[in-house]
Each structure stands twice: as C-alpha cells, then as structure tokens.
Amino acid sequence: MFCPRCGRAEQMPETYCRQCGLFLPDLSKPLKRTSPPEEHLKANTVLSILTIVASLTLSLLLFIVLGFKPETHPLIYPTAGILLAMCGWHIQTLIRTQMLMKQWKRRTPLKEVQAHETTTAFKSAPTAEMLNPADFTDAIPASVTEHTTRHLAETPRQKSR
Ligand SMILES: [Zn+2]
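The notes below deal with the structure included here. (Residues numbered from 1 in each chain as written. Predicted model: local features only at pLDDT ≥ 70, side-chain atom pairs only at ≥ 80, totals over all residues. Heavy atoms only, no water.)

## Some remarks on helix α1 (residues 37–66)
Definition in use: For the purposes of this entry, the term helix denotes a DSSP run of H or I that reaches at least four residues, the term strand denotes a run of E that reaches at least two, and both are numbered from the N terminus. The span one expects for a helix is its residue count, reduced by one, times 1.5 Å. Burial classification: accessible surface area is computed with a 1.4 Å probe over protein chains only, and a residue below 20% of its type maximum counts as buried, one above 50% as exposed, and the rest as partly exposed. Between two residues, a contact is recorded if the distance between any of their heavy atoms is within 4.5 Å.
The end-to-end C-alpha distance of α1, which contains 30 residues, comes to 42 Å, matching closely the 44 Å that a straight helix rising 1.5 Å per residue would cover. The complete set of buried residues in α1 reads L41, T45, S48, I52, S55, S59 and L62. Buried residues along α1 sit against α2 (76–106). Where α1 ends, the next residue or the one after it, F68, has phi of about 55 degrees, a positive value.

## Side note on the coordination of the zinc ion
We count it as follows: We call an atom a donor if it is N, O or S and sits within 2.8 Å of the metal, or 3.2 Å for Na, K and Ca. Water is not counted, so some sites may look partial. Sites are called tetrahedral only when four donors show all angles between 85 and 135 degrees, square planar or octahedral only when four or six donors show opposite pairs over 155 degrees and all other angles between 65 and 115, and irregular in any remaining case.
The coordination sphere of the zinc ion contains the protein donors C3 (SG), C6 (SG), C17 (SG) and C20 (SG), at a distance range of 2.2 to 2.3 Å. Geometry at the zinc ion is tetrahedral, judged from the 4 donor atoms that bind it and their angles of 106 to 115 degrees at the metal. Mapping the donors of the zinc ion onto the primary sequence gives the spacing C-x2-C-x10-C-x2-C. Residue C6 is located in the segment before β1 (15–16), and its partner C20 is located in the loop between β1 and β2 (23–24); the two are separated by 14 residues in the primary sequence.

## Some remarks on α2
Note that an α-helix has 3.6 residues per turn; residues three or four places apart therefore point the same way. Taking 1.5 Å per residue as the helical rise, α2 with its 31 residues ought to reach 45 Å, and the 46 Å between its terminal C-alpha atoms agrees with that figure. Burial in α2 covers these residues: I76, A80, L83, C87, H90, L94, T97 and M101. Looking at the buried residues of α2, the elements they touch are α1.

## Here we look at the packing of aromatic side chains
What counts here: Here is the rule: rings of Phe, Tyr and Trp (six-membered ring for Trp) pair when centre to centre is within 6.5 Å. Planes less than 30 degrees apart are stacked, more than 60 are edge-to-face, and the remainder are tilted.
Under the counting rule described, the total for this entry stands at 3 aromatic pairs. Between F63 and F68, the aromatic rings sit 6.0 Å apart at their centres with planes inclined by 10 degrees, giving stacked as the arrangement. Residue class for F68 comes out exposed when judged on its relative accessible area of 66%. Chaining the aromatic ring pairs together yields one cluster made of F63, F68 and Y77.

This is the structure:
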C-alpha cells in the first residue's frame, strides 16, 4: 500500500510509514469497535450479583447439609468460609461498581470537553478554518492499490519480447 501523506510505496499495513512515520491502518480489516465504559460497568454488576448468589448458596448448603455432624470432614469449614469471604468481597465490588456508575453519569461528556478545549485554544488563531481529520473509512482499500505500479512496470517488458 501507499502512504497517504508522503506517497511512498511498498508499505506494510498496521505499521508506520518508513519515510514519514505516519501510522498506516489495515484498510482491508473492519474498524474495531471498542465497547463504552458503561457496558463494562454493567457486565461487572451482573457478574458480581451472580458470584454473590452462587457463593452464598454454596457456603450455606455446605454448612447446612454437611456441617456440624460427627462425620464431617474438617476441610468443609475452610471451604465454606472461603465461599462466604468471596461473597463479601463481591458485595463490596458491587457497591464500588454502583458508585463508579453514578460518578460516570455525572461526568462531563468527552465531546463537550474537547469542544471547550478547541474553542479556547484556537481563539487567537488568524483563521477559524482547520483541516478535517483524516477519514480512513473512506479510503481506497489496499487490495485495490496494492502492486499496481509493479504491474505497470511489467507490462512494457512483456510486449517487447
Ligand atoms: Zn509516509
């Protein structure tokens, strides 16, 4: 592929241009979508609730069904205790996740922060016009542009034979 900034050919996608250092994304691959923090927080909440319910039921079952009998193996007690501790640990994780979710909802959205920064930083600029950021979603895919110059170079040689 070619570098869109300096035009140097024979470049590897997903690396930096060997001439000007621009990062060249692999355009044949679909753009990665990163999940927003809200989704991670929601997943954390669900997983914490599941762990609390599972560890609490298991430890109670161990104590009620197997515990406090003459034939009870001594290892039953630390196992049930660890399960109870796990339940407590996940209860505090759940509380912290809920607090984080509240804080996250109250924050200033990133777009507003960026808009504020742009308006204050470029107030004294002689012109308000700025270049748009590069749009790699609308570029010609590497499969179309790859090896085109090599084919052009080979064509006259084949004719002269
Ligand atoms: Zn370049």
